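An overview of the molecular structure
The residues making up each chain are set out below.
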Amino acid sequence: MTPPARLFWLASYPRSGNTWLRLLIASCMAGGAPVDINRFAFAEMRARTRLLFDDAIGIASASLTSEVILGWRAAAIRSWAAELDAACHVKIHDARTRWGDGDAILVPAEVTCGALYIVRDPRDVALSLARFLRIDVDRAIEVMGRPDSLADTSLDQMRPLLPEYWSSWSHNVESWLDWREKVPALVRYEDLRRDPEAVLATALPALGLSFPTATIRAAVAAVELGTLQDQERQSGFVEAPPRVRFFGDGAAGGWRGVLSPEQARRIEADHGRVMRRVGYGD
């Protein structure tokens, strides 16, 4: 029996604005009110949540390798979706692709209502990823270029979470944008920063959501990045690794003057075709 289509995916490569977008939507759902970064209820479910997987498969994932867990991911998602009695929004960083030699796509179409993919200039992603993973920028560029890039569960904040299959930045982007059955809405982080009201109004129907203009405007004011940084300084952020600041300045084009010319060339060599596809041609 085919499980019902219950899931809306909020997808992105890591460090592309997914969390900020979730907070904006959470504020919209609260009528434009301020949001506590450590207690908000939009897309709090993640495809890599360990307890969801364990309940769905009936096996303790702690005893399984990353490779085995990813091989069971699609089956776990189908089982989880079958138990839902209402639509659910899910955050995901995995590429929408096959894992290893398996024939199951990690994100099944038949349980999907819709999807939104947020993309960010990979030159800015490299800087943010380096800070988040506590690695140098050259290493971050290497991670972004590897088709087999996998986030394991070694970081303290990831212990309740399963491995993620990021793949390369380019493959991650195209694995979602080329989804013919369920074409995602595409949001560029830079456009969201420039005109969040307009972007939210046009993109959120892909997640089955719609809000009055006044509510969106209030949410944009309530979830300004400076406010999120202040909250994190005062109370920390549960999704951040130890000793890492999660919310940066969020600058679009911040890579200019920070990346060396050689580093920028490496990213463009690895991802130039896909960068041009999504509007990062300069």
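Above this note sits the structure.
Let me sum up the structure you'll find in this document.

About the criteria used
- Residues numbered from 1 in each chain as written.
- Predicted model: local features only at pLDDT ≥ 70, side-chain atom pairs only at ≥ 80, totals over all residues.
- Heavy atoms only, no water.
- Buried < 20%, exposed > 50% of the residue type's maximum accessible area, 1.4 Å probe, protein only.
- Helix = DSSP H or I, 4+ residues; strand = E, 2+ residues; numbered from the N terminus.
- Pairing = 2+ DSSP bridges.
- Phe/Tyr/Trp six-rings, centres within 6.5 Å; stacked < 30°, edge-to-face > 60°.
- Salt bridge = Lys/Arg side-chain N within 4 Å of Asp/Glu carboxyl O.
- Axes fitted to C-alpha atoms, helices over the stretch in contact; angles between N-to-C directions.
- Parallel < 35°, antiparallel > 145°, perpendicular 65-115°, else oblique.
- Contact = heavy atoms within 4.5 Å.
- Nonpolar A, V, L, I, M, F, W, Y, C, P; charged D, E, K, R; others polar.
- Disulfide = S-S within 2.5 Å.

Burial analysis of strand S3 (residues 88–92) places five of its five residues in the buried class, the great majority of the element. Burial of the side chains of S3 extends over both faces: Cys-88, Val-90 and Ile-92 are buried on one face and His-89 and Lys-91 on the other. Sheet analysis places strand S1 (residues 7–11) next to S3, joined by five bridges and oriented parallel. Bridge pairing in S3 places Leu-7 opposite Cys-88.

The subject of this paragraph is the packing of aromatic side chains. Across all of its chains, the model carries nine aromatic pairs by this definition. Their ring planes at 75° and their centres at 5.0 Å tell us that Trp-99 and Tyr-165 sit as a pair that is edge-to-face. A residue pair is termed long-range when its members are at least 10 positions apart, and Trp-99 in the loop between S3 and strand S4 (112–119) and Tyr-165 in strand S6 (residues 164–165) qualify at 66 residues. In terms of burial, Trp-99 and Tyr-165 fall into one category: buried. Between Phe-132 and Phe-246, the aromatic rings sit 5.9 Å apart at their centres with planes inclined by 85°, giving edge-to-face as the arrangement. Linking Phe-132 in helix H4 (residues 122–133) with Phe-246 in the loop between helix H10 (225–235) and helix H11 (261–277), this pair joins segments that are 114 residues apart in sequence.

Moving on, we get to the pattern of salt bridges. Counting across every chain of the model gives 15 salt bridges. Of the charged contacts in the structure, one is a salt bridge between Asp-148 and Arg-146, with a shortest N-O distance of 2.8 Å. Here Asp-148 falls in the partly exposed class, since its relative accessible area comes to 44%. When its relative accessible area of 36% is taken as the criterion, Arg-146 is described as partly exposed. One salt-bridge network, in which partners are shared between bridges, spans Glu-174, Asp-178, Arg-273 and Arg-277.

Right, let's get into the packing of helix H2 (residues 50–57) against helix H3 (residues 66–83). The interhelical angle for the contact between H2 and H3, taken along N-to-C directions, is 80°, at an axis separation of 9 Å. If you check the angle between H2 and H3, you find them roughly perpendicular. The residues of H3 that touch H2, namely those facing Leu-52, Phe-53, Ala-56 and Ile-57, are Ile-69, Trp-72, Arg-73, Ala-75, Ala-76, Ser-79 and Trp-80. By residue class, the composition of the contact of H2 with H3 is nine nonpolar, one polar and one charged.

Counted under the stated rule, the structure contains zero disulfides. Considering cysteine sulfurs only, Cys-113 is the nearest to Cys-88, which forms no disulfide, with 9.9 Å between them. Cys-88 sits in the buried class, given a relative accessible area of 14%. The exposure class assigned to Cys-113 is partly exposed, which follows from its relative accessible area of 33%.

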